[in-house]
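# Notes for the structure review
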Amino acid sequence: MGDIMRKRTLGIIIITLCISVTSIFAYQTDIKGALVSFIRAFTKLESGDYAGAIEGYTKTIKLNPSNAMAYFSRGYAKYNLGDNTGALEDYNKAISLNPKEAMFFSSRGILLKDSPEAMQDHNTAIRLDPKWSNAYFSRGVAKYNLKDYAGAIQDYNEVIKLDSKFVEAYINRGVAKSELGDEQGSLYDFNTAIELNPKKALAYHNRGDAKKNLGDKQGAIDDFNKAEELGYKETN
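Quick look at the structure, then. (Residues numbered from 1 in each chain as written. Predicted model: local features only at pLDDT ≥ 70, side-chain atom pairs only at ≥ 80, totals over all residues. Heavy atoms only, no water.)

Ranked by internal contacts, the top residues of the largest apolar core, which has 48 residues, are Leu45, Tyr57, Phe72 and Phe104. When residues of this core are assigned to their parent elements, the largest contribution, seven residues, is made by helix H4 (residues 68-80). With sequence-adjacent residues up to four places away left out, Tyr57 is seen in contact with Phe38, Ala41, Phe42, Leu45, Ala70, Ser73 and Arg74. (Core = buried A, V, L, I, M, F, W, Y, C linked by side-chain atoms within 4.5 Å. Buried < 20%, exposed > 50% of the residue type's maximum accessible area, 1.4 Å probe, protein only. Helix = DSSP H or I, 4+ residues; strand = E, 2+ residues; numbered from the N terminus. Contact = heavy atoms within 4.5 Å.)

With that settled, consider the pattern of salt bridges. This model, assessed by the stated rule, comprises 13 salt bridges. Linking Arg108 and Asp121 is a salt bridge whose minimum nitrogen-to-oxygen distance equals 2.7 Å. Separated by 13 residues along the polypeptide, Arg108 in helix H6 (residues 102-112) and Asp121 in helix H7 (residues 116-128) bring together distant segments of the chain. Since its relative accessible area comes to 17%, Arg108 is described here as buried. (Salt bridge = Lys/Arg side-chain N within 4 Å of Asp/Glu carboxyl O.)

The next thing to look at is the environment of Tyr204. For Tyr204, the location among the structural elements is in helix H12 (residues 201-213). According to the relative accessible area criterion, Tyr204 is buried, its value standing at 9%. Setting aside chain neighbours within four positions, we find Tyr204 in contact with Ile194, Pro198, Asp223, Lys226, Ala227 and Leu230.

Turning to unusual backbone geometry, a few remarks are in order. Phi at Lys113 takes a positive value of approximately 60 degrees, unusual for a residue other than glycine. Mapped onto the elements of the fold, Lys113 is located in the loop between H6 and H7. Judged by relative accessible area, Lys113 falls into the exposed class, the value being 56%. In this structure, Lys147 takes a positive phi of about 65 degrees despite not being glycine.

Its 13 residues give helix H10 (residues 167-179) an end-to-end C-alpha distance of 19 Å, which sits within 8% of 18 Å, the value for a rise of 1.5 Å per residue. Residues of H10 that are buried include every one of Val167, Ala169, Tyr170, Ile171, Arg173, Gly174, Ala176 and Lys177, and no others. Summarising the contacts, the buried residues of H10 are in contact with helix H8 (133-145), helix H9 (149-162), helix H11 (183-196) and H12. Phi turns positive one or two residues past the end of H10, at Gly181, with a value near 85 degrees. (Expected span 1.5 Å × (residues − 1).)

Attention now moves to the packing of aromatic side chains. Enumeration over the complete set of coordinates arrives at six aromatic pairs. Plain terms: the ring middles of Phe38 and Tyr57 are 5.9 Å apart, the flat faces sit at 75 degrees to each other, and that makes the pair edge-to-face. A residue pair is termed long-range when its members are at least 10 positions apart, and Phe38 in helix H2 (residues 29-47) and Tyr57 in helix H3 (residues 50-63) qualify at 19 residues. Residue Phe38 is classed as buried on the basis of its relative accessible area, which comes to 2%. (Phe/Tyr/Trp six-rings, centres within 6.5 Å; stacked < 30°, edge-to-face > 60°.)

Close contact between H11 and H12 brings their axes to 9 Å; oriented N to C, the two are set at 155 degrees. Between H11 and H12, the interaxial angle falls into the category roughly antiparallel. Along this stretch, H11 crosses H12, giving a crossing that reads as left-handed. Every residue of H12 that contacts H11 at Glu183, Ser186, Leu187, Phe190, Asn191, Ala193 and Ile194 is listed here: Ala203, Tyr204, Asn206, Arg207, Ala210, Lys211 and Asn213. (Axes fitted to C-alpha atoms, helices over the stretch in contact; angles between N-to-C directions. Parallel < 35°, antiparallel > 145°, perpendicular 65-115°, else oblique. Left-handed = near helix turned anticlockwise from the far one by under 90°.)

Before going further, it helps to spend a moment on the packing of H4 against helix H5 (residues 84-97). It is the contact of H4 with H5, at a shortest axis distance of 8 Å, that shows an interaxial angle of 160 degrees. Looking at the two axes, H4 sits roughly antiparallel to H5. In this structure, H4 meets H5 at a crossing whose hand is left-handed. For the pair formed by H4 and H5, the contact residues are Ala68, Tyr71, Phe72, Arg74, Gly75, Tyr76, Lys78 and Tyr79 on the first element and Asn84, Gly86, Ala87, Asp90, Tyr91, Lys93, Ala94 and Leu97 on the second. Its residues placed into classes, the contact of H4 with H5 shows nine nonpolar, three polar and four charged. (Nonpolar A, V, L, I, M, F, W, Y, C, P; charged D, E, K, R; others polar.)

Topologically, Arg173 is positioned in helix H10. Along the primary structure Arg173 and Phe137 are separated by 36 residues, whereas in three dimensions their C-alpha atoms are 9.9 Å apart. When residues no more than four places from it in sequence are discounted, the contact partners of Arg173 are Ile153, Tyr156, Asn157, Ile160, Tyr188 and Asp189.

The following block contains the structure:
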């Protein structure tokens, strides 16, 4: 789970746990079982045991079918296993139970990729929580994939305003700037990304591209070599 998504998920889970704990003394023992299975499932989700997490969240849902976070988390686990259809069903259910959580809409938007419905979800996430940087970042990715490079840059600008250390936002903004021919601007962004995280291989590779486009051949070679040293591998 990404750091940004993890922080938000943990916050929601803490609230969920507080509500559950205070409810234990008022409701039947099923609530206790749901709480225990929820915690165990989250532990498995964090460790990358997605199949185990799905099993745990399914148990939670059987015991407490109104737990929106359990549906969302199960959907996230299914998404990581490539079950997009199952993930979408769970995201839809989570949203029907709690239509005010921005993370639910943002995650569904990521799943729906570049469709009009995806953009609607990203817009809704931002409307629900205009201070959440990851919502702008996800919409920026969607806009870039739709070749709306200027729109993507605007969203990455918002991300950086909200979180000036969001390394991926600088990298993605640099790529979008390069698409618009702003190589100096892209170079600035890749330099900043490297300053923030000197071990980010992708930032060196992309800076190498920018330097190559600016005629700095040796600088480009140095950056490509550094990216490879850090584990960067070219993908088709």
